[in-house]
Structures are given as C-alpha cells and as structure tokens.
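Residues per chain, in single letters:
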Amino acid sequence: MAFINDNKRFSQWAIALSLFVFVLITLDLLGDYRDGVAWIHLLAELLILILSLTGIVYFGRLYYQFAQSKINLLTQDLALANQQAQQWREANRELIAGLAVQIQKQFDSWQLTPAEAEVGLLMLKGLSHGEIAHVRNASERTIRDPKPVRFTGNPA
C-alpha cells in the first residue's frame, strides 16, 4: 500500500511539474513567435511543449490507474464485509429473534407503554437522548423524564 501511495504522490508531482513546464514553454513560445525568433528555436520549444504535454497525459493516466486500483480494492473489501455481515446475520437469526422476544417480555413486565418501549429499544441500539428525541420528533426532556411510578398496592 505504501508503494501505491508513493507512486500516487510521485504522479501528482510529475503532473504538476509537467504542467508548470507546459505553461512556461507556451508563454515563451508565444513571446518568441511575436519577436520573430528563428524557426529552429521555435521548433525546439515546440518539441519541449509536446514532451511536457506527453508527461501530463502519461502521469495523469498513471494517477488514474492508481486511483482505480484503490477504488477496486475498497470495493472488494466492502463486498467481503457485506458478505461476512450477511453470514453473521443468517448464523445468528434465531439468537437475535430470541433476544427480541426476551426484551419485549422484560418491557411488558415493567409495564412500559409502546412509546416507552420504543425509546428503550432505541437506547439499546446505542442512540443518545438527543438522537432519540430527533427520531421521535420530541424534546430531549421528554425522552429523559422517567415514567411515573405505578403503584399496584397500598403505598403505605
């Protein structure tokens, strides 16, 4: 990977240098043409101009190939990660379903309202109070406030 990054950086510098030479030679060529400099000198500068343009194209293509190889590598890594995630989901489908049932049983034993249970699930998923408030279109205080205590017997 370091080799690719070094070559990519080299290509960027080579493109910049070739572009700089191209601009300078173009300006010099135009000035010499206006001044009536000999054709042999203009042809030599034109050759340098063509070489710098060739450098821009060559190193631009090289840079493009490096970028494409990086994109292909990342695409393969993403496909592998997605495949592994799918295999994990399939292997643990029953466990996840059983966990959901147990969570719902606990929420039922606590006598949570559907809204409270939804907040509880979102908290279990790792959302913050602010994020839950945004998802539920409620204030953060509404999400934070605990539900009133329900007494089933004599509160003495």
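Here, the structure is the one placed above.
Predicted model only: the values in this text are computed from it and were never measured.

Enquirer: Please clarify how the overall build of the protein should be interpreted in this entry.
Expert: Counting its secondary structure elements, the protein contains six helices and zero strands. Across the protein, the fraction of contacts at a sequence separation of at least 24, relative to all contacts at a separation of at least 6, is 48%. As presented, the protein carries roughly 12,300 Å² of accessible surface, and 65% of it is formed by carbon and sulfur atoms.

Enquirer: Please explain helix 3 (residues 93-109) as it appears in this structure.
Expert: For an α-helix the count is 3.6 residues per turn, leaving residues at separations of three or four pointing the same way. For helix 3, which comprises 17 residues, the first-to-last C-alpha distance of 25 Å matches the rise-based estimate of 24 Å (1.5 Å per residue) to within 8%. Of the residues flanking the end of helix 3, it is Gln111, one or two places downstream, whose phi is positive at about 60 degrees.

Enquirer: What is the right way to look at the environment of Gln104 in this model?
Expert: Take Gln104: it is sitting in helix 3. Classification of Gln104 as partly exposed rests on a relative accessible area of 36%. Taking the C-alpha atoms as reference points, Gln104 and Leu121, 17 residues apart in sequence, are found 9.3 Å from one another.

Enquirer: How should I be thinking about the nonpolar core in this particular structure?
Expert: A general trend in soluble globular proteins is that nonpolar side chains are found buried together. Core analysis: the largest hydrophobic core is formed by five residues, namely Val119, Leu122, Ile132, Ala133 and Ile143. Broken down by secondary-structure element, the contributors of at least two residues to this core are helix 4 (114-124) and helix 5 (129-136).

Enquirer: Looking at this structure, how should I read the packing of aromatic side chains?
Expert: Counted under the stated rule, the structure contains four aromatic pairs. Their ring planes at 80 degrees and their centres at 5.0 Å tell us that Tyr58 and Phe59 sit as a pair that is edge-to-face. Both rings, one in Phe107 and one in Trp110, keep their centres 6.1 Å apart while their planes meet at 35 degrees; by these two values the pair is tilted. Among the aromatic residues, those joined into a cluster by ring pairs are Phe10, Tyr58 and Phe59.

Enquirer: Help me understand a nonpolar patch on the surface in this model?
Expert: A cluster of nonpolar side chains, namely Leu17, Leu19, Phe20, Val23, Leu24 and Leu27, defines an oily patch on the protein surface of about 590 Å² accessible area. Tracing the sequence through the fold places Leu19 in helix 1 (residues 2-35). On the basis of relative accessibility, which here comes to 44%, the residue Leu19 falls in the partly exposed class.

Enquirer: What am I meant to see in the pattern of salt bridges here?
Expert: According to the stated counting rule, one finds two salt bridges in the structure shown. Between Glu118 and Arg136 there is a salt bridge, with its nearest N and O atoms 2.4 Å apart. Of this pair, Glu118 sits in helix 4 while Arg136 sits in helix 5, placing them 18 residues apart in sequence. We classify Glu118 as partly exposed; its relative accessible area is 36%. For Arg136, a relative accessible area of 28% puts it in the partly exposed group. Note that Arg144 is salt-bridged to Glu140, the shortest N-O span being 2.7 Å. Of this pair, Arg144 and Glu140 are both found in helix 6 (residues 140-144), four residues apart, which corresponds to roughly one turn of the helix. Look at Glu140 and you get partly exposed, because its relative accessible area is 34%.

Enquirer: Would you explain unusual backbone geometry in this entry?
Expert: What is expected of a backbone is that most residues other than glycine have negative phi and most peptide bonds are trans. Not every positive phi belongs to a glycine, and Gln111 is a case in point at roughly 60 degrees. Unusually for a residue other than glycine, Asn137 sits at a positive phi of about 55 degrees. Turning to its location among the elements, Asn137 is positioned in the loop between helix 5 and helix 6.

Enquirer: Explanation requested: the side chain of Asp32 in the structure shown.
Expert: With respect to the element layout, Asp32 can be found in helix 1. Summary of buried charges: Asp32 has no salt-bridge partner, and the nearest side chain of opposite charge, Arg34, is 9.3 Å away. A polar atom in the side chain of Asp32 sits 2.9 Å from the side chain of His41. Once residues lying within four places of it in the same chain are set aside, the contact partners of Asp32 are Val37, His41, Leu42 and Glu45.

Cut-offs and rules
Residues numbered from 1 in each chain as written. Predicted model: local features only at pLDDT ≥ 70, side-chain atom pairs only at ≥ 80, totals over all residues. Heavy atoms only, no water. Helix = DSSP H or I, 4+ residues; strand = E, 2+ residues; numbered from the N terminus. Contact = heavy atoms within 4.5 Å. Areas by Shrake-Rupley, 256 points an atom, 1.4 Å probe, with all protein chains shown as cover. Expected span 1.5 Å × (residues − 1). Buried < 20%, exposed > 50% of the residue type's maximum accessible area, 1.4 Å probe, protein only. Core = buried A, V, L, I, M, F, W, Y, C linked by side-chain atoms within 4.5 Å. Phe/Tyr/Trp six-rings, centres within 6.5 Å; stacked < 30°, edge-to-face > 60°. Patch = residues over 30% accessible without salt bridge, like charges linked within 9 Å, V, L, I, M, F, W, Y side chains within 5 Å. Salt bridge = Lys/Arg side-chain N within 4 Å of Asp/Glu carboxyl O. Lys, Arg positive; Asp, Glu negative; His and termini not counted. Polar contact = N/O pair within 3.5 Å; in protein donor to acceptor, adjacent residues only side chain to side chain.

These figures capture arrangement, not role.
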